[in-house]
Amino acid sequence: SAIFNFQSLLTVILLLICTCAYIRSLAPSLLDKNKTGLLGIFWKCARIGERKSPYVAVCCVVMAFTILFVQ
């Protein structure tokens, strides 16, 4: 389970941020109407993916390196 393994939890969070940012780039109306509440988490992840995209990209490269060569 990804909840009990810290590296897996970080991987899931990073993939959630990337997925939400990609979905918002294709169809912004899906995420923009839910800025509050439980579905607002996806809107916030999309905003993080858009505003911090260089840092997210570096984290993706580091994650890929550790998955391919460390594990």
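Keep in mind the model is a prediction, meaning the values are calculated, not measured. (Residues numbered from 1 in each chain as written. Predicted model: local features only at pLDDT ≥ 70, side-chain atom pairs only at ≥ 80, totals over all residues. Heavy atoms only, no water.)

(A) Spotlight on helix 1 (residues 6-26). In this model, helix 1 (21 residues) spans 31 Å end to end at C-alpha, consistent with the 30 Å of a helix rising 1.5 Å per residue. Taken together, the buried positions of helix 1 are occupied by Thr11, Leu14, Ile17, Cys20, Ala21 and Arg24. Packed against the buried residues of helix 1 are helix 2 (28-32), helix 3 (40-51) and helix 4 (53-70). (Helix = DSSP H or I, 4+ residues; strand = E, 2+ residues; numbered from the N terminus. Expected span 1.5 Å × (residues − 1). Buried < 20%, exposed > 50% of the residue type's maximum accessible area, 1.4 Å probe, protein only. Contact = heavy atoms within 4.5 Å.)

(B) Quick peek at the packing of aromatic side chains. One pass over the structure, following the stated rule, counts one aromatic pair. Seen in terms of ring centroids, Phe65 and Phe69 are 5.1 Å apart; in terms of plane orientation they differ by 50°. Their pairing is tilted. Of this pair, Phe65 and Phe69 are both found in helix 4, four residues apart, which corresponds to roughly one turn of the helix. Phe65 gets classed as partly exposed once you look at its relative accessible area, which sits at 48%. A relative accessible area of 61% means that Phe69 is categorised as exposed. (Phe/Tyr/Trp six-rings, centres within 6.5 Å; stacked < 30°, edge-to-face > 60°.)

(C) Structural detail: the layout of surface pockets. Space inside the largest pocket adds up to approximately 190 Å³. In terms of lining, the largest pocket is formed by Gln7, Leu10, Thr11, Ile13, Leu14, Val56, Cys59, Val62, Met63 and Thr66. Looking at the lining of the largest pocket, the elements that each hand over two or more residues are helix 1 and helix 4. When its residues are assigned to classes, the lining of the largest pocket shows seven nonpolar, three polar and no charged. (1 Å grid on protein atoms, 1.4 Å probe; cavity = no way out; pocket = protein on both sides within 12 Å on 5 of 7 lines; lining within 4 Å. Points joined across faces, edges and corners; volume = space filled by probe spheres on them. Nonpolar A, V, L, I, M, F, W, Y, C, P; charged D, E, K, R; others polar.)

(D) View of the pattern of salt bridges. Under the criterion given, the structure shown has three salt bridges. The residue Arg24 makes a salt bridge to Glu50 at a minimum N-O spacing of 2.7 Å. Of this pair, Arg24 sits in helix 1 while Glu50 sits in helix 3, and the two are 26 residues apart along the sequence. A salt bridge links Arg47 to Glu50; its shortest N-O distance comes to 3.5 Å. In this pair, Arg47 and Glu50 both sit in helix 3, three residues apart, roughly one turn of the helix. According to the relative accessible area criterion, Glu50 is partly exposed, its value standing at 32%. Each of Arg24, Asp32, Arg47 and Glu50 takes part in one network of salt bridges that share partners. (Salt bridge = Lys/Arg side-chain N within 4 Å of Asp/Glu carboxyl O.)

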